Amino acid sequence: MAQTKNYRIETRSVHAGSSENLAGAVAPPIHLSTTFRRDPEGNLASDFIYGRSGNPDRTALERAIADLEGGAECVSFASGLAAVHSLLLTLSPGDLVLAPLDAYHGTVRLAKESLARWGLRTRFTDFLDPEDVTAGLDERPALVILETPSNPTLRITDIAAVAARCRAAGALIAVDNTWMTPVLQRPLALGADIVIHATTKYFGGHSDVTGGAVVLREGLELASRLRFVQTETGPVPSPFDAWLLRRGMRTLPVRIRAQSATAGKLAEFLSGHPRVVQTFYPGLASDPGHEVQTRQGDGYGAMLSFRALGGEDHAKGVLSRVKLFTRATSLGGVESLVEHRALVEGPDTKTPRDLIRVSVGLEHPDDLIADLDQALG
């Protein structure tokens, strides 16, 4: 198919990354070969040499993700955490990274327990506090990482405002866009340099494949270093994983919009429930991040969380009584999930012990509301 950049995101989700194949198959084939042929003179027959350094299915996936995010290039990985790790490995020992105060617990552990030994410095920053941002930028960071909405309390950071400050300070800014996807939020258009994804979540969309990706803006000279890390350390997705992710992306816009619409209904229900202390969802007009997210996005996402009246014991009781929701970690699939987030994050968590995190799937909203209503008691 021709270049898709002039089409809307629904069309690009279906066609981006597609290429002709010899059989003329509508569904793209999977290229399982680990190595690629040379001619009698030793020249490669294609752009591929070995499975770790490249594969047609991975190339198609990377082109599709870059297209949807409006980036110049995408580098894919075997998981979201592998994507973050590989991005950080493009830095040098002694470099400083600013990360969110409420960063994903896997990123926190990676920074504190692994890369700190290598010499990378991390400052955990409250990006909703202008003075804390100033203090962090005064330390001359090489990279700033934003997660918006945050996990699990869905705090919203003004991407454009922080990006402008980072640019003035000479720091690159990366935004984790896993929860919103390019359907609902496009950080590169708001001034970010890099976008990170756990493609496991909404891109895959069916809880059956793990992956990650880093997307770079036009003119950012980072691709060669990132591909060196990808090839030489080897955290690459398999051909089948890349194929599954590309297949999942074809329905991404319709899935996340439907899931987000249901999430909004659940949030309205929970915000008025007598057994709920607090509901976290930027689509609520009362939410502190509502105005910013309305301005910088095209929706509010399919994730929400709430605090149950009665503390941790009641929260655990709610989880024990759900019948339709599945008690499981992760998000972005077609099935709705709930989890006691503090239990998942471990003893050092700052998450309230009464907080329940919800990933909204594609079930009917009335059925999900009825299940939560009976579980709340």
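Quick caveat: nothing in here was measured; it's all calculated off a predicted structure.

Cut-offs used in this document
- Residues numbered from 1 in each chain as written.
- Predicted model: local features only at pLDDT ≥ 70, side-chain atom pairs only at ≥ 80, totals over all residues.
- Heavy atoms only, no water.
- Helix = DSSP H or I, 4+ residues; strand = E, 2+ residues; numbered from the N terminus.
- Rg over C-alpha atoms; globule rule 2.2 N^0.38 Å.
- Contact = heavy atoms within 4.5 Å.
- Areas by Shrake-Rupley, 256 points an atom, 1.4 Å probe, with all protein chains shown as cover.
- Lys, Arg positive; Asp, Glu negative; His and termini not counted.
- Charge placed at Lys NZ, Arg CZ, Asp CG, Glu CD.
- UniProt positions renumbered as here; feature names shortened; annotations may be inferred.
- Buried < 20%, exposed > 50% of the residue type's maximum accessible area, 1.4 Å probe, protein only.
- Pairing = 2+ DSSP bridges.
- Axes fitted to C-alpha atoms, helices over the stretch in contact; angles between N-to-C directions.
- Patch = residues over 30% accessible without salt bridge, like charges linked within 9 Å, V, L, I, M, F, W, Y side chains within 5 Å.
- Salt bridge = Lys/Arg side-chain N within 4 Å of Asp/Glu carboxyl O.
- Core = buried A, V, L, I, M, F, W, Y, C linked by side-chain atoms within 4.5 Å.
- Parallel < 35°, antiparallel > 145°, perpendicular 65-115°, else oblique.
- Left-handed = near helix turned anticlockwise from the far one by under 90°.
- Nonpolar A, V, L, I, M, F, W, Y, C, P; charged D, E, K, R; others polar.

Thoughts on the overall build of the chain
- The number of helices and strands found in the chain is 14 helices and 12 strands.
- The C-alpha radius of gyration of the chain comes to 21 Å, within 12% of the 21 Å expected for a compact globule of 377 residues.
- Oriented by its inertia axes, the alpha-carbon framework of the chain measures out at about 75 × 50 × 35 Å.
- Residue pairs in contact within the chain that sit at least 24 positions apart in sequence constitute 70% of those at least 6 positions apart.
- Carbon and sulfur atoms make up 53% of the accessible area of the chain, which amounts to about 16,600 Å² in all.
- Computed over 39 positive and 44 negative side-chain charges, the inter-centroid distance for the chain is 2 Å.

Digging into the UniProt feature "modified residue: N6-(pyridoxal phosphate)lysine" (unreviewed entry) in the chain
- UniProt marks Lys-201 with the feature "modified residue: N6-(pyridoxal phosphate)lysine" (unreviewed entry), using the numbering shown here.
- For Lys-201, a relative accessible area of 18% translates into the label buried.
- Those residues in contact with Lys-201 that sit more than four places away from it in its chain are Thr-178, Ser-330, Leu-331 and Gly-332.

A closer look at the sheet that holds strand S2 (residues 96-100)
- As summarised here, the arrangement of the 7 strands in space is S1-S7-S6-S5-S4-S2-S3, forming an open sheet in which the pairing is mixed. In this open sheet, the two strands that pair with only one neighbour each are strand S1 (73-77) and strand S3 (121-125). If you compare each strand with its neighbour and ignore which way they point, the axes differ by 20° on average.
- One ladder, built from 2 bridges, connects S2 with strand S4 (residues 143-147); its direction is parallel. Following the sheet pairing, Leu-98 is matched in S4 by Val-144.

Concerning a nonpolar patch on the surface
- On the surface, a cluster of nonpolar side chains totalling about 280 Å² of accessible area is made up of Ile-30, Leu-32 and Phe-240.
- By relative accessible area, Ile-30 is classed as partly exposed at 33%.

Some words on the nonpolar core
- Counting residues in each nonpolar core, the largest one holds 73 residues, and the members touching the most others are Val-144, Ile-173 and Leu-304.
- At 7 residues, the largest contribution of residues to this core is made by helix H10 (residues 252-271).
- Discounting residues that sit within four places of it in the chain, Leu-304 has contacts with Leu-154, Ala-263, Leu-266, Ala-267, Leu-270, Phe-280, Tyr-281, Ile-356, Arg-357, Val-358 and Val-360.
- Residues Ala-82, Val-97, Leu-115 and Leu-222 belong to the second largest nonpolar core, which totals 23 residues.

Focus: the packing of H10 against helix H14 (residues 365-376)
- Look at H10 against H14: their axes get within 10 Å of each other, and the N-to-C directions meet at 30°. When the axis of H10 is compared with that of H14, the two are roughly parallel. The two elements H10 and H14 meet at a crossing, and its hand is right-handed. Facing Thr-262, Lys-265, Leu-266, Phe-269 and Leu-270 of H10, the residues of H14 in contact are Pro-365, Leu-368, Ile-369, Leu-372, Asp-373 and Leu-376.
- Within the contact of H10 with H14, the residues separate by chemical class into 8 nonpolar, 1 polar and 2 charged.

A look at unusual backbone geometry
- That bond from Thr-148 to Pro-149 is cis: its omega, 0°, falls within 30 degrees of zero.
- Positionally, Pro-149 belongs in the loop between S4 and helix H6 (159-169).
- We note that Arg-140 has phi near 60°; this positive angle belongs to a residue other than glycine.
- Within the secondary structure, Arg-140 is located in the loop between helix H5 (130-137) and S4.

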